[in-house]
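So you can see what is in the structure, the chains are spelled out below.
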Amino acid sequence: MSDAPTSNPDPNPGSSPSTTPPGQAGGGPQYPSQPFAPNPYASKPRRGLSRGALIGIIAGAVALLLLIVTVAGIGISSAIRGSQAEPEIAVKDYLTALQNGDAKQALALLEDPDDTAFLNDDVLKASNKLAKIGKVSTTSKPFGAPFTKVKAKFSIGSERVTQEFVVKDQGDGTYTIFQGGTVSVSSYSLSGAPVTLNGQDVSDAAGDSWTLFPGAYSFAVSLDSFSVTGGDSIILAGEESGSLDDVKVALNDTGVQQFRDAVTDAVNTCIASTTLAAGCGIDLPGTLSDGTVVQDGTITRSLSADAQANLANLEPQETFGDPLNVPGEYIGLVKVTSTSCTQGGATSACTIEFGPSLGSPLVDFTSGTPVVRWD
């Protein structure tokens, strides 16, 4: 035996040497290794969000929530304000129509006014010439569905007034003034006189009150002997304008002189009469209370000193409800004598005691010419 090294014989003579890498099991065909290609569809490993990103996301969500709440709040607030504003708009539209002298538009915003005799363009335009409506502000509060109470403050000329309106929701998107849109005033102090209201004749107006738009009014009378006191320009608006107590038809200086002249002429005519029927409330009966018979045509009358003074200083008295019939003061005693008084068969001159006196005259100017009557 030889001690020389030996090798395992190749079982397959003529084959190539093995190329199996160390550590790799053989037994099959071997291929060279290739670079690894990543799968484009494979999920990538997730990385955690940074703190800043989380804060940004949370802040954005809160902002979005606040925006939604704010928008919703604005919508609700607008709806509430809108429902409250509509009645106020109706009142402002009404006052604007009055400012513009548009009676038709103003009437369209009123719910069934009772009396429209003076709710017209002519009266309204004259009102605006005297003092125009301006500087309107309104507030409102519920008054029980479908009503809202609206308080309006506005100026008429230089005067600031307040008027309350009750506005009704008609349910179809429209609103009308149910109450408070007009002013009702008593016409008692002016009744029976040929009065004009803002140029319109009111002497034939029915009833004892007038329905007017809020505004300025001027009263005049067509008789030369009369004037309207306290009525050159009067503001009618609000709850305080329920009457015209300070507006009166009264005799002017010309009328006062006509009054005195008419009474004086009537008294002089009556005093000059020699007959039993003298007029002026100083007639005598043919037979006196003691049985004395007074011969007609034999009578002389004269005024007492007090009666003369009263007649010379006669003043018309204030009238109530009938300004064209003007009363005067009590005048006084009348002295009466007769040249033919018969009693017990004897006839002589006599003085008639406790005879009638001149009372209070009433001068009627209805016809334009003063006519004197006696109570």
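Scroll up for the structure.
First, a word on what this report is: a plain description of the structure on this page. From a predicted model like this one, the values you see are computed outputs, not experimental measurements. The residue numbering used here restarts from 1 in each chain and proceeds along that chain's sequence as written. Given that the model is predicted, a residue must reach a pLDDT of at least 70 before its local features are reported, and side-chain atom pairs must reach 80 or more before they are shown or counted; all residues, however, enter totals for whole chains, interfaces and linings. The side-chain quantities take in all heavy atoms of the structure and omit both hydrogens and water.

### Examining the environment of Val-228
Alright, step 1. Structurally, the position occupied by Val-228 is in strand β11 (residues 226-229).
Alright, step 2. For every residue, the accessible area obtained with a 1.4 Å probe (protein chains only) is divided by the maximum for its type, and the residue is called buried under 20%, exposed over 50%, and partly exposed between those limits. Here Val-228 falls in the buried class, since its relative accessible area comes to 10%.
Alright, step 3. Look past the residues within four positions of Val-228 in its chain and what remains in contact with it is Phe-219, Ala-220, Val-221, Val-247, Lys-248 and Val-249. Here a strand is any run of E in DSSP of at least two residues, a helix any run of H or I of at least four, and the numbering for each starts at the N terminus. We call two residues in contact when some of their heavy atoms are within 4.5 Å.

### Observations concerning the state of the cysteines
Alright, step 1. Cysteine sulfur atoms are paired as a disulfide whenever they come within 2.5 Å of each other. Taken as a whole, this structure holds two disulfides when the rule is applied.
Alright, step 2. The disulfide pattern of the protein is 1-2, 3-4 when the bonded cysteines are numbered in sequence order.

### Focus on the packing of aromatic side chains
Aromatic ring pairs are reported here in terms of the distance separating the ring centres and the angle at which the planes meet.
Alright, step 1. The rule is short: rings of Phe, Tyr and Trp, with Trp giving its six-membered ring, pair when the centres are within 6.5 Å, and they are stacked under 30 degrees, edge-to-face over 60, tilted in between. The final tally for this structure, using the stated rule, is six aromatic pairs.
Alright, step 2. An angle of 75 degrees between the planes, with centres 6.2 Å apart, marks the rings of Tyr-94 and Phe-165 as edge-to-face. Of this pair, Tyr-94 sits in helix α1 (residues 51-99) while Phe-165 sits in strand β3 (residues 159-169), and the two are 71 residues apart along the sequence. Of the two residues, Tyr-94 and Phe-165, both sit in the buried class.
Alright, step 3. Ring centres of Trp-210 and Phe-219 lie 6.2 Å apart, and the angle between their planes is 25 degrees; on these two criteria the pair is classed as stacked.
Alright, step 4. Of the residues examined, Trp-210 reaches a relative accessible area of 3% and is grouped as buried.
Alright, step 5. In this structure an aromatic cluster arises from ring pairing among Tyr-94, Phe-165 and Phe-213.

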